[in-house]
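# Residue-level structural notes
This is what each chain is made of:
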Amino acid sequence: MRPGWDEYFMQIARTVATRATCPRLSVGAVLVREHRILTTGYNGAPRGVPHCTEAGCIIVNDHCVRATHAEANAIVQGALHGVSLAGATAYCTHQPCVNCSKLLISAGVTKIVFDVAYPDAVSAELLGEAGVAVVQYSTLEAGRA
């Protein structure tokens, strides 16, 4: 059976997550506009820095700070290659944290579809203030049942 657009892009986000190099969590993000992929990103160390899988995680306040988050990496790809993300939808395997939410807002993303919840009240507040639609993928799937 042919997948719908949300299922299609969420499957791609899950595949992108398999490239993640932080063993604590594999996260993938796909930024899309008008059913076309603009950029992808997964969590891993910045360019030229050893990955967690090579050098180990750097843990601060129970978070790995060596790895750049998937959403941030997807935004960086747009910046590096001159791809505007204005009006894009972000498909993320996990709900974006507050820092990634701020970056997505600033990049012009207008909708976020995520799979696994990572609740953050400040993130939700900022996304709401910015008018970014946020939808959990399982809610979309339940609507089809």
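You'll find the structure just up there.
Residues numbered from 1 in each chain as written. Predicted model: local features only at pLDDT ≥ 70, side-chain atom pairs only at ≥ 80, totals over all residues. Heavy atoms only, no water.

Counting buried residues in strand S1 (residues 28-33) gives 5 out of 6 residues, a clear majority hidden from the surface. Bridge count between S1 and strand S2 (residues 36-42): 6 bridges; the pairing is antiparallel. Opposite Gly 28, over in S2, you have Tyr 42 as the bridge partner. In sequence, S1 turns back onto S2 through a hairpin of 2 residues, with Glu 34 there showing a positive phi of about 50°. (Buried < 20%, exposed > 50% of the residue type's maximum accessible area, 1.4 Å probe, protein only. Helix = DSSP H or I, 4+ residues; strand = E, 2+ residues; numbered from the N terminus. Pairing = 2+ DSSP bridges.)

Looking at the secondary structure, you find Cys 22 in the loop between helix H1 (5-17) and S1. With relative accessibility at 5%, the residue Cys 22 sits in the buried group. Separated by 22 residues in sequence, Cys 22 and Gly 44 place their C-alpha atoms 5.8 Å apart. In this structure Cys 22 touches Asn 43, Cys 52, Cys 57, Cys 64 and Ala 67, once residues within four positions along its chain are discounted. (Contact = heavy atoms within 4.5 Å.)

This paragraph deals with the sheet that holds strand S7 (residues 133-136). Strand pairing in a sheet relies on backbone hydrogen bonds, with the paired strands running either antiparallel or parallel. The 5 strands are arranged S2-S1-S5-S6-S7 in an open sheet whose pairing can be described as mixed. Bordering the open sheet on either side are S2 and S7, each of which pairs with just one other strand. Between one strand axis and the next, the sheet turns through 20° on average, direction left out of account. Bridge analysis of S1 against strand S5 (residues 89-94) gives 4 bridges, and the strand direction is antiparallel. Residue pairing for S5: Val 32 is matched across the bridge by Thr 89. On the sheet, H1 packs against S1, S2, S5 and strand S6 (111-116) and is oriented at approximately 140° with respect to S1. (Axes fitted to C-alpha atoms, helices over the stretch in contact; angles between N-to-C directions.)

What describes two packed helices is the angle between their axes and the distance between those same axes. It is the contact of helix H3 (residues 70-81) with helix H4 (residues 98-107), at a shortest axis distance of 9 Å, that shows an interaxial angle of 30°. On the basis of their axis angle, the class for H3 and H4 is roughly parallel. Of the two possible hands of crossing, H3 and H4 adopt the one that is left-handed. For the pair H3 and H4, the contacting residues are Glu 71, Ala 72 and Ile 75 in the first and Cys 100, Leu 103, Leu 104 and Ala 107 in the second. Partitioning the contact of H3 with H4 into residue classes produces 6 nonpolar, no polar and 1 charged. (Parallel < 35°, antiparallel > 145°, perpendicular 65-115°, else oblique. Left-handed = near helix turned anticlockwise from the far one by under 90°. Nonpolar A, V, L, I, M, F, W, Y, C, P; charged D, E, K, R; others polar.)

This is a description of form; function is not addressed.
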